[in-house]
Amino acid sequence: MKIVVQNAAFELGAEVDAMRRGRSDIGAIASFVGLARDMNDGSGVAAMTLEHYPGMTEKALAALVEEAQSRWTLLDVTLIHRVGRLLPGDPIVLVAVAGSHRGEAFAACEFIMDYLKTRAPFWKKEETPEGERWVEARASDDAAAMRWGKTD
Amino acid sequence: MKLRVLYFARLRERLGCAEETLDCAGSTVADLVAQLQARGGVWAEELAADRAYRVAVNQDIVALDAALSENAEVAIFPPVTGG
C-alpha cells in the first residue's frame, strides 16, 4: 500500500514495477494516470496550481483506499496525487490497483478515482489568457461517485 | 466554545482569511455558519444557504447539523476539484 501527496512528478512504469517486484500472486494491475490539459471550458490553460488541505488529504485518500479494499479483494494499491504548480501534459494523479484477476483491479481503480474526485480536498486554479480562475466542481463527478452507492 | 477555523481555495481568497481562532456561541456547524454569516459582506454572501461549500470537522466532511466540540478543527471550503 502506498498513498502519497507530493510536488514531484511520478513515473507509472516505476510504480507498477515496484508493485510487482518479488511477488507472483498478482494476476492483474489496472492503472489510471490523470494529466493536466492545455484547454478547459473554452479557454487555453497555461498552468494550474493544485492546493490541498494537509492532514485531511492523507486521511481522505487512506479512507478511499480502505473503502475500495472493503468492496474488492485487492493485493496492493498505489495512489499518488501531486500538488503545486503543474504545466499542460504534466501528470496529476496516479492510481494502480493489483488483484488476482482483472475484474476487481479495473473496478477498484475506477471507484478510487470517482471517489477521489468528490471527497479528497484538492482544488485546482488555472492560469488562462483571461486571468486566474478556480475550477468549479462538476455535477458529472458527483454522478460518477453516486453510481457506486452510498457508504456513509 | 473555542474553535480553530480554516478556509481553503476560492473561499480563502474571497474571505481574505486562511485561518482564525474564534469563540462559537452555538454547538453545531450550522450555528458556526450562522455566526460567520452575521459578519455580513462577503461572509454573508459566500456562506449563504444557496452557495455550494463543504464543512469538515476534525478533517471529516460533515453535514450542517453535526455537533462541534471544544478546540475542534473546522474547515470550510468549496466543492473539491482534484484528480
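Residues numbered from 1 in each chain as written. Chains lettered and ligands numbered in written order. Predicted model: local features only at pLDDT ≥ 70, side-chain atom pairs only at ≥ 80, totals over all residues. Heavy atoms only, no water.

**Here's the deal with the nonpolar core**
Part 1: Core analysis: the largest hydrophobic core is formed by 32 residues, its most contacted members being Trp72(A), Leu79(A), Val97(A) and Ile112(A).
Part 2: It is helix α3 (residues 102-119) of chain A that provides the largest number of residues to this core, a total of nine residues.
Part 3: Of all hydrophobic cores here, the second largest spans 22 residues; its members include Cys17(B), Trp43(B), Tyr53(B) and Val55(B). (Core = buried A, V, L, I, M, F, W, Y, C linked by side-chain atoms within 4.5 Å. Buried < 20%, exposed > 50% of the residue type's maximum accessible area, 1.4 Å probe, protein only. Helix = DSSP H or I, 4+ residues; strand = E, 2+ residues; numbered from the N terminus.)

**Side note on the sheet that holds strand β5 (residues 47-52) of chain A**
Residues and elements named next belong to chain A.
Part 1: Spatial ordering of the open sheet is given by β7-β5-β9-β10, a layout of four strands whose pairing is antiparallel. Each edge of the sheet is formed by a strand with only one pairing partner; in this case those strands are β7 (84-86) and β10 (131-134). Between one strand axis and the next, the sheet turns by 25 degrees as a mean value, whatever way the strands run.
Part 2: As paired strands, β5 and β7 are joined by three bridges and run antiparallel to one another. Paired with Leu-50 across the two strands is Gly-84, which belongs to β7. (Pairing = 2+ DSSP bridges. Axes fitted to C-alpha atoms, helices over the stretch in contact; angles between N-to-C directions.)

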